[in-house]
Amino acid sequence: MKGESKMVFKSKMKWVGLVGLVLSAFSIFIHLLLARYTEDGISDFQSSVTIFSWRPIFENADLPRTSPLHRKFWGPVRRFEPLNPDANPRGYYAAPPLQTNGYIFVRIQGGFHEIRNSIPDVVVVSRLLNATLVIPEIQSTTSSKGISSEFKSFAYLYNEDQFMIALAKDVKIVKTLPKNLKEARRKKEIPMFRVPHSASPYFYLRNVLPVLNKHSVVELIVSDGGCLQAVLPPNLEEYQRLRCRVAFHALRFRQEVQELATRILNRLRAPGRPFIAFDPGMTRDALAYYGCAELFQDVHTELIQHKRSWMIKRGIVKGKLSVDSAKQRLNGSCPLMPEEVGILLRAYGYSSDTIIYVSGGEVFGGQRTLIPLHGMFENVVDRTSLSTGWELNRIYGLEVKIATNTPRIPTFVQEEMKLEAWKNSGPRPRPLPPPPARPKYPYNIEGWWGWVAESDNEPDRTVMELRTNAHKLLWEAIDYVICVEADVFIPGFDRDGKGHPNFASLVMGHRLYQSAASITYRPDRKEVAKLLQETRDHLYQANRTWLTSVRMHLRKSLFDGLTEASAKSKLLSFLSHPVPECSCLRSNVNEIPFPGLSPSQAQAQAALGAVHHCPAWIENALIPRPRDKDNDEDIDEDDSTSSGLFFRPRGGNHEVGGGEINNKEEAQLEDQEELEGAER
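First, a word on what this report is: a plain description of the structure on this page.

Rules used in this analysis
- Sequence order as written defines the numbering, with residues in each chain counted from 1.
- Residue-level local features of this predicted model are given only where pLDDT is at least 70; pairs of side-chain atoms are given and counted only at 80 or more, and the full residue set underlies all totals for whole chains, interfaces and linings.
- No hydrogens and no water enter the side-chain calculation; it runs on all heavy atoms of the structure.
- Each helix is a run of DSSP H or I of at least 4 residues and each strand a run of E of at least 2, with the numbering of both proceeding from the N terminus.
- Residue exposure (1.4 Å probe, protein chains only): buried if accessible area is under 20% of the type maximum, exposed if over 50%, otherwise partly exposed.
- What sets the accessible areas is the Shrake-Rupley method with a 1.4 Å probe; for residues, cover comes only from the shown protein chains.
- Between rings of Phe, Tyr and Trp, where Trp is taken as its six-membered ring, a pair exists when centres lie within 6.5 Å; planes separated by under 30 degrees are stacked, by over 60 edge-to-face, and by other angles tilted.
- Think of it as a cone above the ring: NZ of Lys or CZ of Arg counts as a charge over the ring if it is within 6 Å of the ring centre and within 35 degrees of the ring normal.
- Residues are treated as being in contact if the distance between any of their heavy atoms lies within 4.5 Å.
- Whenever a nitrogen or oxygen atom comes within 3.5 Å of another N or O atom, the pair is scored as a polar contact, on the condition that within protein one atom can donate a hydrogen and the other can accept it, and that pairs from neighbouring residues in sequence are kept only if both atoms are in side chains.
- Strand pairing is defined by DSSP finding a minimum of two bridges between the two strands.
- Every angle, taken between N-to-C directions, lies between 0 and 180 degrees, and every axis is a line fitted to C-alpha atoms, over only the stretch in contact when it is a helix.
- Disulfides are defined as pairs of cysteine sulfur atoms found within 2.5 Å of each other.
- Whenever a carboxyl oxygen of Asp or Glu lies within 4 Å of a side-chain nitrogen of Lys or Arg, that contact is scored as a salt bridge.
- Handedness of a crossover is defined as follows: orient the strands so they point away from the viewer, and if the path from the first strand over the helix to the second runs clockwise, the crossover is right-handed.
- Residue types Ala, Val, Leu, Ile, Met, Phe, Trp, Tyr and Cys, when buried and joined through side-chain atoms within 4.5 Å, form a set referred to as a nonpolar core.

## A closer look at the overall build of the chain
The secondary structure content of the chain amounts to 26 helices and 13 strands. Burial statistics for the chain: of 680 residues in total, 48% are counted as buried. For the chain, the accessible area works out to roughly 34,900 Å², and carbon and sulfur atoms hold 56% of it.

## Overview of the packing of aromatic side chains
One pass over the full model with this rule turns up 19 aromatic pairs. On the basis of an interplanar angle of 90° and a centroid distance of 5.4 Å, the ring pair of Tyr-290 and Phe-493 is categorised as edge-to-face. With Tyr-290 in the loop between helix H11 (284–289) and helix H12 (299–313) and Phe-493 in the loop between strand E11 (488–491) and helix H20 (503–514), the pair connects residues that are 203 residues apart, well separated along the chain. Site record: aromatic cluster; members linked through ring pairs are Phe-112, Phe-154, Tyr-158, Phe-163, Phe-253, Tyr-480 and Phe-503. Positioned above the aromatic ring of Tyr-348, the side-chain terminus of Lys-72 is 4.8 Å from the ring centre. Sitting over the face of the ring of Tyr-93, Arg-127 holds its NZ or CZ atom 4.0 Å from the ring centroid.

## Things to note about the environment of Arg-65
Positionally, Arg-65 belongs in the loop between helix H2 (39–49) and helix H3 (68–74). Judged by its relative accessible area of 59%, Arg-65 is exposed. The spatial distance from the C-alpha of Arg-65 to the C-alpha of Gly-75 is 9.9 Å, given a sequence separation of 10 residues. Those residues in contact with Arg-65, other than ones at most four positions away along the chain, are His-70 and Gly-272.

## Here's the deal with the side chain of Thr-132
Mapped onto the elements of the fold, Thr-132 is located in strand E3 (residues 132–134). Within the local environment of Thr-132, its side chain forms a polar contact with the side chain of Thr-100, the two groups lying 2.8 Å apart. Setting aside its immediate chain neighbours within four residues, Thr-132 contacts Thr-100, Gly-102, Tyr-103, Ile-104, Lys-172 and Val-174.

## A few points about the sheet that holds E11
The pairing of strands in a sheet happens through backbone hydrogen bonds and is either parallel or antiparallel. With parallel pairing, the five strands of this open sheet are ordered in space as E10-E9-E8-E11-E12. In this open sheet, the two strands that pair with only one neighbour each are strand E10 (379–381) and strand E12 (519–520). Pairing of E11 with E12 involves two bridges; the strand directions are parallel. Looking at E12, one finds that Phe-489 is bridged to Thr-520. On top of the sheet, helix H10 (residues 255–269) reaches strand E8 (275–279), strand E9 (355–358) and E10; it is set at about 130° to E8, its chief contact.

## Considerations on the state of the cysteines
Tallied over the entire structure, the rule returns three disulfides. A sulfur-sulfur separation of 2.0 Å characterises the disulfide bridge that pairs Cys-292 with Cys-334. The S-S bond linking Cys-292 to Cys-334 shows a torsion near -100°; that makes this disulfide left-handed. With Cys-292 in the loop between H11 and H12 and Cys-334 in the loop between helix H13 (325–330) and helix H14 (338–348), the pair connects residues that are 42 residues apart, well separated along the chain. On the basis of relative accessible area, Cys-292 is assigned to the buried category, the value being 0%.

## Comments concerning the pairing of E9
In E9, alternate side chains face the same way, and those of Ile-355 and Tyr-357 on one face and Ile-356 and Val-358 on the other are all buried. When E8 meets E9, the two strands line up parallel, connected through four bridges. Pairing of Phe-275 across the sheet is with Ile-355, part of E9. Looking at chain direction, E9 and E10 are connected through three bridges and run parallel. Bridging from a neighbouring strand, Ile-355 pairs with Asn-379 of E10.

## Structural notes on the pattern of salt bridges
Taken as a whole and assessed by the stated rule, the structure comprises 25 salt bridges. Residues Arg-269 and Asp-487 are paired through a salt bridge, measuring 3.0 Å at the closest nitrogen-oxygen approach. Here the residue Arg-269 occupies a position in helix H10, and Asp-487 occupies one in the loop between helix H19 (463–485) and E11, the gap between them amounting to 218 residues. Its relative accessible area of 21% is what places Asp-487 among the partly exposed residues. A salt bridge links Asp-494 to Arg-525, with the shortest nitrogen-to-oxygen separation between them at 3.2 Å. Here Arg-525 lies in helix H21 (residues 525–534) and Asp-494 lies in the loop between E11 and H20, a separation of 31 residues in the sequence. On the basis of relative accessibility, which here comes to 16%, the residue Asp-494 falls in the buried class. Through salt bridges with shared partners, a single network forms among Arg-107, Arg-185 and Glu-219.

## A few points about the pairing of strand E2 (residues 103–108)
Burial analysis of E2 places five of its six residues in the buried class, which makes it a mostly covered element. Direction of pairing for E2 relative to E3: parallel, over a ladder of two bridges. Its bridge partner being in E3, Tyr-103 is matched across the sheet by Thr-132. With respect to chirality, the unit in which E2 leads through helix H4 (residues 112–128) into the neighbouring parallel E3 is right-handed. Taken together, the two bridges between E2 and strand E4 (residues 137–138) define a ladder with parallel strand orientation. Counterpart to Arg-107 in the pairing with E4 is Glu-137.

## A few points about the nonpolar core
Phe-163, Tyr-204 and Ile-478 are the most contacted members of the largest nonpolar core, which has 87 residues in total. Once residues within four sequence positions are removed from consideration, Phe-163 is found in contact with Ile-119, Val-123, Ile-135, Phe-154, Ile-173, Val-246, Ala-250 and Leu-251. Counting residues in each nonpolar core, the second largest holds 45 residues, with Ile-356, Leu-370, Leu-532 and Leu-558 among its members.

## Topic: the side chain of His-471
Tracing the sequence through the fold places His-471 in helix H19. If we skip the residues at most four places from it in the chain, His-471 touches Tyr-156, Tyr-396 and Glu-399.

## As for unusual backbone geometry
At the junction of Val-579 and Pro-580, the peptide bond is cis and its omega measures out at 5° in the coordinates. Along the chain, the position of Pro-580 falls in the loop between helix H22 (544–572) and strand E13 (583–585). A positive phi is found at Ser-198, a non-glycine position, where the angle reads about 55°. Mapped onto the elements of the fold, Ser-198 is located in the loop between strand E6 (192–194) and helix H8 (201–215). In the Ramachandran plot, Ser-216 falls in the positive-phi region, its phi being about 65° despite a non-glycine side chain. Locating Ser-216 in the fold gives a position in the loop between H8 and strand E7 (217–222).

Shown next as structure tokens:
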């Protein structure tokens, strides 16, 4: 009996083990199926549980969306609400003919803002010359940089199919040249033009069109961020609207980039509070061009001066090497430092727990320059704190591994062979070989300072630096989407290293076209420098009069900045101020009262110049909102937290400053005095 029971027990254990093996195999099979067919779901799950470096901290209660203070800080600007985007053709507009004069092949060189500013120009040139446009080639993304082979030039940044479909009624576009012309281009047998910056339409009609008719193909090289003058004659106004259709409708980032930008934007809005986007604009090229080296210290000053010397040798800069940076700053020619922007926002009344998104591929000086801004605002973030490394690597694609030229350490066998050769190398004494040259390790020559003393020229770009520059295009594309969609935008600088409008200018132009009523501060840097100079000795304990001056300036910048953009930026880049050509006004605009309109604000309305009334389909799509008389007043309640120390307080009592001055009647009285002062 005992033997039989023992055998039965063993047989049962075998069956249990067999069932366990079958279940394990089935479980592995199910997991493989899930990994194969639910990759997107797993990615979404990973992104939802990823631990980000940003943890929002809110110490103050959120303002009700119906309160006057909420409208003061977050908009909309009621005076610009009647302005609507309208880039459709007005009147007769012919479709592109089937038979064209030939092909235009374009190579665009430069950074993100230069590429985005140039693409609408080449589309306009193609229609002007009745030519077939080949998808432009972006020089920053060639395969020699070690970039993923999944993307080809233009498709690295933008959606090619969307670009072609959106412009089907404007220009004939193809992806590549025909085989015979492609072979001729490879042999450099097609005519080439290095187009000057802001060339006139007549330059193309007189110089390029005859060559195009003769050879059926021309190659254009665009390198300065724009190949057509910004302001066109009145008879070519339709071409301005074509620019808007290209920049604001046809140019869509490729799907992976757009999805990541949307994901980051959703994470910014997840706490349920509005946010400010801030673009410092502090690049080494811009600082060198305008002579702002002395705003920094130590090696950063040397780097800026080294770059300025290089620019002078190549004729980019016409001035002297040594420039008084303090005078340049007082003249408004230097960027606003992050600390100064933080002071302006705190003085205006934004609380210390306001969410601030810092954009830009490069902030010269590194994170050290952002320390004061972090000290004033607790929730300062950027794309790196709102995304993970694997999410960014996913938009890069599969990239080849870059071989480094770092000298290898000799192996033990090689050392033994050298020692043996030394012992058997004949009688002594013998002359010693000369010492080897000092090796230049990559961390010495690729840094910010290692090459400054070695040569007067800028160092050659390494493959890794070229790849990083290509990645910057994707980083700035993400920042561009977030800055356009931000509740408030404020730039630190609006010029690049060639004196042209930069990334921030394009963002402000896009916001003006898409949502003119959104708050976009355009501070006058000369006036800001003057205000900061007045209270330099007690900057973080400013008095109430100074706070009122800062608030008045920022509020006026919503209107006066448009006047300046129309007079200056638009002459260099149409996309920085695409009105009135690409906008329209609702027909009931004259029925909307504007109480207390100052001459400067009326001048801003004149700068918009939007006299074209919106078509019926836009009028019917817009639902007018009821206007509250109280909400039309510009409330300027004195926030006690901003009248004292600008850095966030450490402790239980967050009220700094004196007195119960948050009185609505007093605030309205201040607004009335402000408007009267502006009129005088």
